[in-house]
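# Geometric and topological summary
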4 protein chains.
Amino acid sequence: MNMVYKKEVIFDEEANSGITLYLNDLCAENELRKKPFILVIPGGGYSYCSDREAEPIALSYVVQGFHAGVLRYHVGKYRDFEKSLQDGKKALDVIEQIDEKFNVSHDKIAIIGFSAGGHLAAAMCTLLKKKPTLCILGYPAILSSFAEVMKISAPSLDQCVSKDTPPTFLFSTFEDNVVPIENSLYYLKALEENDIPFESHIYQKGLHGLSLANSLTGDNPKMIDSRFSHWLNLSCEWMNLNWSHKATTNSCKKSMIESCVQEIISDDRRRQKVLELFPKIQNKSYYKIVRKYTLQQLHHFAPEEFTNDKIKRLTALIQGKNEIG
Amino acid sequence: MNMVYKKEVIFDEEANSGITLYLNDLCAENELRKKPFILVIPGGGYSYCSDREAEPIALSYVVQGFHAGVLRYHVGKYRDFEKSLQDGKKALDVIEQIDEKFNVSHDKIAIIGFSAGGHLAAAMCTLLKKKPTLCILGYPAILSSFAEVMKISAPSLDQCVSKDTPPTFLFSTFEDNVVPIENSLYYLKALEENDIPFESHIYQKGLHGLSLANSLTGDNPKMIDSRFSHWLNLSCEWMNLNWSHKATTNSCKKSMIESCVQEIISDDRRRQKVLELFPKIQNKSYYKIVRKYTLQQLHHFAPEEFTNDKIKRLTALIQGKNEIG
Amino acid sequence: MNMVYKKEVIFDEEANSGITLYLNDLCAENELRKKPFILVIPGGGYSYCSDREAEPIALSYVVQGFHAGVLRYHVGKYRDFEKSLQDGKKALDVIEQIDEKFNVSHDKIAIIGFSAGGHLAAAMCTLLKKKPTLCILGYPAILSSFAEVMKISAPSLDQCVSKDTPPTFLFSTFEDNVVPIENSLYYLKALEENDIPFESHIYQKGLHGLSLANSLTGDNPKMIDSRFSHWLNLSCEWMNLNWSHKATTNSCKKSMIESCVQEIISDDRRRQKVLELFPKIQNKSYYKIVRKYTLQQLHHFAPEEFTNDKIKRLTALIQGKNEIG
Amino acid sequence: MNMVYKKEVIFDEEANSGITLYLNDLCAENELRKKPFILVIPGGGYSYCSDREAEPIALSYVVQGFHAGVLRYHVGKYRDFEKSLQDGKKALDVIEQIDEKFNVSHDKIAIIGFSAGGHLAAAMCTLLKKKPTLCILGYPAILSSFAEVMKISAPSLDQCVSKDTPPTFLFSTFEDNVVPIENSLYYLKALEENDIPFESHIYQKGLHGLSLANSLTGDNPKMIDSRFSHWLNLSCEWMNLNWSHKATTNSCKKSMIESCVQEIISDDRRRQKVLELFPKIQNKSYYKIVRKYTLQQLHHFAPEEFTNDKIKRLTALIQGKNEIG
C-alpha cells in the first residue's frame, strides 16, 4: 500500500495491444477515498504509439491524484480503425472491473488522446455505446481528410457528435504543422451545436506533438513551451469543476411562465405553437440567443417581438396544459 | 514625468463620444524606450458603455507597461453602427498623432473589445481601411443575429474577415448566458480560413460580462473567477510573442523544388497545372494538410499520390519558368 | 465616479514631503463596498524618493482593488529620520480622514516600503504609537549599521519590535548587493520572538532595487525577474488571508485542563508554579515547542516529563482558581 | 526503455533501512541527455518514515525530469541518529554507483527532507564529508531542543553549517504547530553567516506536515493549501537556476585596485593592514555592506571614510605584493 502499482493487461499479443494500469494507492488517509481514472491514448498517426505521450502523461496525472492507464491500440502493420476502436472499448471494460480495493471512482472516468490518439478518443466518445465521463483532446485529428492521410477508414468525427458525447476539453495550436487547426474547430462547432459543454485552449504558437512541452517530453527547445504546458493543470481544474458540479436537475414542475423557451418547446405540440407566434425562433442563431430566457424576460428585452398580447395568446392556446411535464 | 497622464479627447460632445488617454511615462529608465498602445472598447449592447470594461482594463494594461485609451462610442439614443465605427477610426487617428515625447510604438497598436465592444473591435479589424496591429476580443458579439438584438444594422463580421485582418486573441465562456458561444466559433473559423494567426481561450464556466473577473470589477461572487481572470496575462504574453516575432520574409527567389505547395500555387498558371496533376488538392481540407510541404516531402509521405513521375511532369510543364516570382 | 481620483496632500512644501492619494472608485457595484488602503513608501537611501517604487507600485495595487497612496518623506538635504517618521505619521492621519464617500476600510490599512522606504515602514510599525494594520517590507534596511551608511540616526529596528508590531510580509534576495540579507533575517527573528505572524519570501537571485521586476520598472534585463515579480500577487493573497481571518478570540472561560501552556502561564502566579514543576519550560526553545498544547496532550507526548502526578499537583496548587481569567 | 524503473536497495534488513530508486528513462530523445537525481527523506519524528513524504514526492520530481530515490532510515525501535546519518551516507554511495546507462548527472545530486527528514538532510549537508550538490528542507527540525523531543542525540545543526554546506532551499510555515519556526530561522542565519546561497519561502498559514499540500497527500481540507503547494515548482526552478549558473571563477590575477574588499582581505597579511586603516570593517555588519565593492567604489560612496590618502597608504604598505594570489 501507499504506492503506485503498475500492471499490464494484454488484449492481442501479436498486435501488442493492451492497457498498462497505474493503480494509485498513494496517501489515502481515508482508506475509502476514491480516485478518478484517466486513460491515456498516445498518438503516432496510427503507425505507432508514441512513448512521449504515454507513461509521462500517465504519471503526470498520477501525481495529481488520479489512477491512470495507457492504451496501446492496433497500429502499424496491424492498423485497423475498427480494431483500434475495440481496443478502446476493451480498455473501458478493464477499468470497470478493477479490483474494488483500489477505490476507483467509476463515475469519474476520463480519457485523453493526442493527435491520432485524440482521433481515437473522439471516436470512443461518439461511436462507442459505452462512453467515458469526460474527454480531453490534444491537437486531435478529426476529419476524414486526415483519416485518409493516416491510412485508416473513418468518418469525420465532428459529424458523429451527439447529445451523448461527454463534456470535452480541447487544446491545440494554430501553428500546428501536421494536423490543420480546422480539425479542432469543426469538432468544437459540433459540440456547440449539440449543446455539449466544452473548454478549449488554442495557443497560437507551437509545433504538432508538443505533449507536456516540458523537459520530460522533449530535449529540443522547439518542443518546450511554458505557456502551452499549462494545459495539464487546466485540464485537472476542468475535470474537478465538472465532477464537483452540483446536480441541477429541476425535478419540480414549473408553470409555463417560469419556464425558459428551451423548456417550453421541448414539448412538440407547444413547440409548434411557439414557432407560429414567434417565427424568428426558427432561426437557429436567434433561438440560441433567446432559449434560456422566460417569455416575461424576453418581453422585457424585446417588447415589440415578445408582446404581452402574443404571450397571452400562447398561454391561452396551451390552456389546460399549463404545467410542463 | 514618471507618471501616468490622463487626457480627454472629445469627438462628439452631444453623443459623449471620444477617447480617454492614459499616457504612460512610468519608469522609462531609457528615455527613448517606446511603449505599445492598447485601445479599450467597453461593451454594453450599444445601449451604454460599461464602466466595468473601461478604466479598470486600461489601468490593468498600464501596469503591464502599455499606454492605454478608452473609447466612448455612439450608444443609446445616439446608437448608430456607422457612427460607432467612425468613432473607432477617429480613435486610431488620435493615437497616431500622440505627441512624440510620449514614445508610443506606432507599430504596436492593439485594441481590445468586450461583448458589443468586441463587436465594434472586430468591425474595426475587418471593415476599416486603417487597422490596428493586433486584436483582442472578449466574449464578442459577431453575428447579424445578435446585431439585430442590439438594434444595430451590421453584417455578420466573420463574413468580413480577410487577409488584412490582424492576428486575434479571443476569450469567452461556453456558458455565456447572453452572447451565444457560436459567435466566437464562427469568427475563429473565419480567421482560420483566411490563415490569420489566432489564439483562443474558451472557458467552460462563467456568465457573460465577467470583465477582469476579479474584485476590481465585481463584488458578486458569480462575477469573480480566478481561472477566467488569466486572460489578462495570457493576452499580454500573446502580444509580446507577436511583437517579438522575427520577420520571416523570404525575399530570395526559391526554385520550385524548394518551394512548398502554397508558394507554388500562388502563381495562377502553375496553380492550374498543379491541380490537374494532383486533383486532390482541390479539396480544401486536403490542401490545408499538404500546403506547407515541398513536393519532395510529399513524395516521401505519400509516394503513391505524389509520384516521382508526376513531379517530373510538373517541373517540365513549368519549364522555363522554374523560378518563383 | 467609476474612476481613480489622484490627489496631492502637501506636508512640507520646502522639503517636498507629502502624500499622493489614488482614491479608487472603480466598479463598486455595491456602492457601499469598502476597499482597503495601501501606503507606498519608496526607497532611495534617504537621499531621494525613487520613482520606480512609487506610482507603478500604487497603480499595481489599485488594479487589485486597493486605494493607494505614495509617501514623499524628508530626504536629501532635508534628511532627518525623525522628520521622515513624522511624515509617515501624517500620512496615516490623512488616510484616517479621507472623505467617507470613498469607502476606505479603516480597519484595513497596509503599508509597503522598499529599501530605505522599508526602513521607514518598519520604523512606523515599531516606533509610532498609531500603527498600520499590516506591513510589507521589500529588501528593507533594518540595522543601525546600514542606517549609518544612509547617514541617518536610527536604532536597529529589529530591537524595536514588540507585541504591537503588525503582521509582516517580507521579500528580498540573498544576492542583494546593497543591503545585506542579514537585515531581513534579524527582523524576521525579532518578529518570531514576539510571536508576530509573518510571511517571508527570500529569493536567491536578484540585485537590490528590483521593484516590480517587470518591464514597468526596468528596461535593463538585470532588473527583470519573473520569479521575483510574484511578490506582488503573494502580498495581495497574504493581506486577504489576514483580513478574512475569522476572529478566534476565546471569550469563554476555559478550565485549566482545557488550556494550553501558553494560556496557563499568562497568569503570573500560575507561571511560577508551572516553572517549578516543569523547569524545562524555562528553556525558550523548549517552551516554544510545548506552549500550544494542553498538559494532557503533553502527558501523551512526553509522559516521563509531564507525569500525571505533576499535573495533579499543579492542579491542586492552583486549587480554587481553576478558571482562567 | 521509456519508462520509470523502480528498484529496492536494502541497507539493513532488520531495521528496514534502504533506498528505493526511481530511475527515469522517460522520453530521452537524446539518448545521452543526463538527468539530475533527487533523494527524498521523509519525516516522522524518527519514530517512522511517513508515506506522505515518500513516493508522492519522488514521483512529483520524476515528472519534472528527475531521477529520484526515497530513503528509509533507522527509526522507531532502531532509532539512532548516527545510524540514520550512515543510512544517508550509504544512499549517496548507492546513487554514485547507479549504472551508467541511466545517465545520472553526478554533479547534480539534490536531497530533500521533511521535518525529521529535514533534520537528517541538514545533518548530511553539515556533518557528512561527502555532501549532495543542493539541499531542500521542508519545515525542518534543526535545534537540539527539538532533537531532544525526537529522542535522538544530535547537536543544533545551524551550529554545524560551514563553507562546505551546499546551497539550500528552505520552506516552512510560521504557524507550524509542531516544529517551532525558529528552527528555520536559526538555520537561515547560519547559512547567511557562512555566505552559503539560500532561498527561503516561509508561508504564514499552514499546519506542520503539509507535504505537497494537494489532494495526493491529504484528504483533510486542513492539509490542502494551494499557496503552500507552490514550493514544488519553486524548488525545481531554484535547482535549475543553481545548475545553469555559469562558472564565475576568476582565475586571472587582478590588481588590488580591481579587487573587492572581500578579495583583498582573503590574504591574512593584507587583512591586518586593511583593518588598521579602516577599523570599521571589524564590525561584521559593516563588513557585509562593503565587502563586495572595490576601494575606489567605496571612496565614491563614503569619501570621508575611504579617503584617497588611506587608499594610497594601503597600496604603499602592500607594495611589492600588488597582485592578488
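Residues numbered from 1 in each chain as written. Chains lettered and ligands numbered in written order. Predicted model: local features only at pLDDT ≥ 70, side-chain atom pairs only at ≥ 80, totals over all residues. Heavy atoms only, no water.

## Side note on the environment of Leu 157 of chain C
All names here are of chain C. Looking at where Leu 157 falls in the secondary structure, it is placed in the loop between helix H4 (144–149) and strand S7 (168–173). Taking the C-alpha atoms as reference points, Leu 157 and Ala 122, separated by 35 residues in sequence, lie 6.8 Å from one another. Dropping the residues within four chain positions of it, Leu 157 is found in contact with His 119, Ala 122, Ala 123, Thr 126, Leu 127, Ile 142 and Tyr 187. (Helix = DSSP H or I, 4+ residues; strand = E, 2+ residues; numbered from the N terminus. Contact = heavy atoms within 4.5 Å.)

## Describing the arrangement of the chains
Taking C-alpha atoms as the reference, chain A and chain C come no closer than 13 Å and do not contact one another. With no contact formed, the shortest span from any C-alpha in chain B to any C-alpha in chain D equals 13 Å.

## Topic: the environment of Ile 111 of chain B
Residue and element names in this part refer to chain B. For Ile 111, the location among the structural elements is in strand S5 (residues 104–114). With a relative accessible area of 0%, Ile 111 lands in the buried category. Distance from Ile 111 to Ala 121, taken between C-alpha atoms, is 6.8 Å for residues 10 residues apart in sequence. If sequence neighbours within four positions are ignored, Ile 111 has contacts with Leu 39, Ile 41, Leu 92, Ala 121, Met 124, Cys 125, Pro 132, Leu 134, Cys 135 and Ile 136. (Buried < 20%, exposed > 50% of the residue type's maximum accessible area, 1.4 Å probe, protein only.)

## A short note on the side chain of Glu 305 of chain A
Residues and elements named next belong to chain A. By the secondary structure assignment, Glu 305 is in the loop between helix H10 (295–301) and helix H11 (308–317). Buried and unpaired, Glu 305 has Lys 280 as its nearest opposite-charge partner, separated by 4.5 Å. Residue contacts for Glu 305: discarding those within four places in its chain leaves Phe 278, Lys 280, Tyr 286 and Lys 310. (Lys, Arg positive; Asp, Glu negative; His and termini not counted. Salt bridge = Lys/Arg side-chain N within 4 Å of Asp/Glu carboxyl O.)

## Some thoughts on helix H5 (residues 182–193) of chain C
All names here are of chain C. In this model, H5 (12 residues) spans 16 Å end to end at C-alpha, consistent with the 16 Å of a helix rising 1.5 Å per residue. Here H5 lies mainly inside the structure; 10 of its 12 residues are buried. After H5 finishes, the residue Asp 195 shows a positive phi value of roughly 60 degrees. (Expected span 1.5 Å × (residues − 1).)

## A word on the interface of chain D and chain C
On the side of chain C, 45 residues touch chain D, which itself brings 45 residues to the contact. Counting the surface lost from both chain D and chain C, the interface buries some 4000 Å², and carbon and sulfur atoms represent 57% of this. Interface area lost by chain D to chain C is led by Phe 174, Gln 204 and Arg 227 of chain D, which between them contribute 17%. At the boundary of chain D and chain C, one finds 8 salt bridges. Inspection of the chain D/chain C interface yields 23 residue pairs in polar contact (both at pLDDT 80 or more). Counting residues per element, the ones that place at least two in the side of chain D that touches chain C are helix H4 (144–149), helix H5 (182–193), strand S8 (198–203), helix H6 (231–244) and helix H9 (284–290) of chain D. Residues belonging to the side of chain D that touches chain C are distributed by class as follows: 22 nonpolar, 8 polar and 15 charged. Bridge analysis of strand S8 (residues 198–203) of chain C against S8 of chain D gives 3 bridges, and the strand direction is antiparallel. When the bridges of S8 of chain D are listed, Ile 202 of chain C appears paired with Ser 200 of chain D. (Buried area = accessible area lost by both parts, 1.4 Å probe. Polar contact = N/O pair within 3.5 Å; in protein donor to acceptor, adjacent residues only side chain to side chain. Nonpolar A, V, L, I, M, F, W, Y, C, P; charged D, E, K, R; others polar. Pairing = 2+ DSSP bridges.)

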